[in-house]
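# Observations on the three-dimensional arrangement
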Amino acid sequence: MTIKTLGFIGTGNMGARMVPHIAATGFPIHIFDLNQDATQSLARLHNNIVVETTASAVASAADAVITMLPAAPDVNLCALGEDGLVEGFSKGDILIDMSSSQPWMTVELAEALAANGIHMIDAPVSGGTRGADEGTLTLMIGGKNEHVERCLPILEPMAKYIFRTGDVGSGHALKTLNNLLSGLNTVAAAEALMIGTRFGLDPEVMCDVINESTGMNSATKRNMKEHVISRKFGGGFAWDLKFKDYKIAMELARVTQTPVPFSALGFQLYESANTWIGDTSEKQSIEYVRWYEHFAGSQIRKPANDR
Ligand code: NAD
C-alpha cells in the first residue's frame, strides 16, 4: 500500500528542518508539536502542510506518521497517551520513529502497536541540524522489509545514506552506539587540543593537521573549530539530548552485560559536567568542553598574538 498522506510530530531543531524536504516532493503532510509556534511557521512555508492540534488528529489524516521527539518516553506518550496516535490510526498504518530512542522501549512499543494492527519501524538519523538542513542525513532503519520498503519514498528526500540494520529497534541500538563514540571523540579531542594549546600550538592548525591524519574524528572535524576555538559553543544539539543518548548507550551495555570500562569513565566525565553545568536546559552538547576547560584550568584558544 502506497503512503499517500504523511504525519510528522515533533518540529523542533531537527523536525523543522526535515519536514520541508518531504513537503517539497508534494506529499500532503499533517504536523503537530506541543510548541504551536514551531508548526505555524512551517505551515506558512508550504501549502501542502496542515497543522493539527493532537497526535490522534495527525494519525486520522495520515497513513504513516513520523515522530521526531526527544526520546522513547515522549514517543510512547504520543502513541499511547490521551489523544494519542492509536486513537486516530487505522489498521495497516505505520509509525516511523526517527527520534534517538531507547531501543528496548521501541521493541515494546512496536509490540503494543502490532496488537492494534499498526506497524512500526525505527529510522533514527545522524548528521545534525546541518544534515537535516541539507537533506543529507544518514538513516539507520530497523523493521520488516515490507514496512521499510513502503516508507522509503518519504524517507529518501531527507537522506544521503540509508542503511538497513535489522529488526525494529536495531536502528535505535546502532544510533546510540554511534553517539557513544561521538561523545568519547569529544573527550579525546578536548584532551589532545588542551595539551597542544599548553605547549604553544595553535588548536586550529592542530585540527587541520589531525583532520588529514589518523587522529581525525567527528569532534576534530566538526565541533572543535566551529564551536570551541571560535568560543561560540553553539551547535543545535541540546546538552540534555546528548546526555540522554550517553545514558541509553550505558543501559544497553548493562543489559547486554558488556564490559565497558573506557565508556564508563567517559560517562563519569559527562556526569560531572552535567552537575557542573547546573541548569542544562539552554545548553548545547559541546558544553562538555567548557566543563573540561574549567577542570583543566585553561582554555582551548588560538595563541594570543593570533586572535
Ligand atoms: P528538540 O527538542 O529541538 O525537538 C523536539 C520537539 O518535540 C520539540 O519541538 C517539542 O516541543 C516536541 N515534543 C516533545 N514532546 C512532544 C509530544 N508529546 N507531542 C508533540 N510534540 C512534542 O529536539 P531535536 O534536536 O529536534 O531532536 C529530536 C530527536 O532527534 C532527539 O531524539 C535527538 O536526540 C535526535 N537527534 C538530534 C540531533 C540534533 O543535532 N539536534 C541530531 C541527531 C538526532
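Counting of residues starts from 1 at the beginning of each chain's written sequence and follows it residue by residue. Only residues with pLDDT of at least 70 are given local features in this predicted model, and only at 80 or more are side-chain atom pairs given and counted; all residues enter the totals for whole chains, interfaces and linings. Excluding hydrogens and water, the side-chain values take into account all heavy atoms of the structure.

## Considering the overall build of the protein
For clarity, the threshold we go by: Only DSSP runs of H or I covering at least 4 residues are called helices, and only runs of E covering at least 2 are called strands; the numbering of each starts at the N terminus. Only the C-alpha atoms count toward the radius of gyration. The rule for a globule is 2.2 Å times the residue count to the power 0.38. Burial classification: accessible surface area is computed with a 1.4 Å probe over protein chains only, and a residue below 20% of its type maximum counts as buried, one above 50% as exposed, and the rest as partly exposed. By definition, residues are in contact when any of their heavy atoms lie within 4.5 Å. Only the protein chains shown count as covering a residue, and every accessible area follows the Shrake-Rupley method with a 1.4 Å probe. Just so you know, the count uses Lys and Arg for positive and Asp and Glu for negative, and it drops His and the chain ends. Lys charges are placed at NZ, Arg charges at CZ, Asp charges at CG and Glu charges at CD.
Scanning the protein from terminus to terminus reveals 14 helices and nine strands. For the protein, the C-alpha radius of gyration of 21 Å lies close to 19 Å, the compact-globule estimate for 307 residues. In terms of overall dimensions, the protein has C-alpha extents of about 65 × 45 × 35 Å along its principal axes. For the protein, the proportion of its 307 residues judged to be buried stands at 51%. The long-range fraction of contacts in the protein, counting pairs at least 24 apart against all pairs at least 6 apart in sequence, stands at 67%. Summing over all exposed atoms, the protein offers an accessible surface of approximately 14400 Å²; the carbon and sulfur share of this is 53%. Averaging the coordinates of the 25 positive side-chain charges in the protein and doing the same for the 34 negative ones gives two points 7 Å apart.

## Brief notes about the site of the ligand
What counts is decided by this rule: The near set for a molecule or strand comprises every residue that places at least one heavy atom within 4 Å of it. Identification of polar contacts relies on pairs of N or O atoms within 3.5 Å, with a donor-acceptor requirement for protein atoms, meaning one able to donate a hydrogen and the other able to accept it, and with residues adjacent in sequence counted only if both atoms are side-chain atoms.
Close contacts around the ligand come from 23 residues, with N13, M14, D33, P70 and S100 the closest. L69 places a main-chain nitrogen or oxygen 3.0 Å from an oxygen atom of the ligand. Here the ligand loses 87% of its free accessible area of 840 Å² to cover by the protein chains. Broken down by secondary-structure element, the contributors of at least two residues to the shell around the ligand are α7 (128–134) and α12 (239–255). Considering every element that reaches the shell around the ligand, the biggest residue donor is α12, with three residues.

## Some words on α12
An α-helix turns once per 3.6 residues; consequently, residues spaced three or four apart project the same way. Our working definition: Multiply 1.5 Å by the residue count of a helix minus one, and that product is the helix's expected span.
The end-to-end C-alpha separation of α12 is 25 Å, in line with the 24 Å expected for 17 residues at 1.5 Å each. Elements that come into contact with the buried residues of α12 comprise α6 (103–114), α9 (170–199), α13 (261–277) and α14 (287–296). Among the residues trailing α12, Q257 stands out with phi positive, at a value near 50 degrees.

## Focus: the nonpolar core
Stated formally: Side-chain atoms within 4.5 Å link the members of a nonpolar core, which is a set of buried Ala, Val, Leu, Ile, Met, Phe, Trp, Tyr and Cys residues.
One finds M18, I96, M98 and L155 to be the most contacted residues of the largest nonpolar core, which totals 34 residues. If you tally residues by element for this core, the top one is helix α8 (residues 145–155), at five residues. Core analysis: the next-biggest nonpolar cluster, separate from the first, contains 31 residues, M206, C207, A219 and V228 among them.

## A short note on the pattern of salt bridges
Filter applied, for reference: The salt bridge definition used is simple: a Lys or Arg side-chain nitrogen within 4 Å of an Asp or Glu carboxyl oxygen.
Taken as a whole and judged by the stated rule, the model has 10 salt bridges. The salt bridge partner of D245 is K244, with a shortest N-O separation of 3.0 Å. Across the pair E251 and R254 runs a salt bridge, and its minimum N-O distance is 2.8 Å. Within this pair, E251 and its partner R254 are both found in helix α12, separated by three residues, close to a single helical turn. Owing to a relative accessible area of 26%, E251 belongs among the partly exposed residues under this scheme. Residue R254 is classed as exposed on the basis of its relative accessible area of 55%. Counted as one network, the salt bridges with shared partners bring together D202, E204 and K302.

## Digging into unusual backbone geometry
In this structure, R231 takes a positive phi of about 65 degrees despite not being glycine. Topologically, R231 is positioned in the loop between α11 (218–229) and α12. In the Ramachandran plot, F233 falls in the positive-phi region, its phi being about 45 degrees despite a non-glycine side chain. Its location among the elements puts F233 in the loop between α11 and α12. Here F233 falls in the buried class, since its relative accessible area comes to 6%.

## Looking at the packing of aromatic side chains
We count it as follows: Each pair of aromatic rings taken from Phe, Tyr and Trp, with Trp reduced to its six-membered ring, is defined by centres within 6.5 Å and is described as stacked if the planes are under 30 degrees apart, edge-to-face if over 60, and tilted in the remaining cases. Our definition puts a charge over a ring when NZ of Lys or CZ of Arg is within 6 Å of the ring centre and also within 35 degrees of the ring normal.
Inspection of every chain in the model, using the stated rule, returns nine aromatic pairs. Aromatic pair W239 and F243: ring centres 6.0 Å apart, planes at 20 degrees, arrangement stacked. Of this pair, W239 and F243 both sit in helix α12, four residues apart, which is roughly one turn of the helix. In textbook terms, an aromatic cluster arises when at least three aromatic residues are bridged by ring pairs, as seen for W239, F243, Y246, F267, Y270, Y288, W291 and F295. Between R290 and the ring centre of F233, over which it is positioned, the NZ or CZ distance is 4.2 Å.

## Details of the pairing of strand β8 (residues 137–142)
Selection criterion: The pairing criterion is simple: DSSP has to find at least two bridges between the two strands.
Taken across its six residues, β8 has five buried, putting it largely inside the fold. One ladder, built from two bridges, connects strand β7 (residues 125–126) with β8; its direction is antiparallel. When the bridges of β8 are listed, S126 appears paired with T138. Relative to strand β9 (residues 159–166), β8 runs parallel, the two being bridged by six bridges. If you follow G142 over to β9, its bridge partner there is G166.

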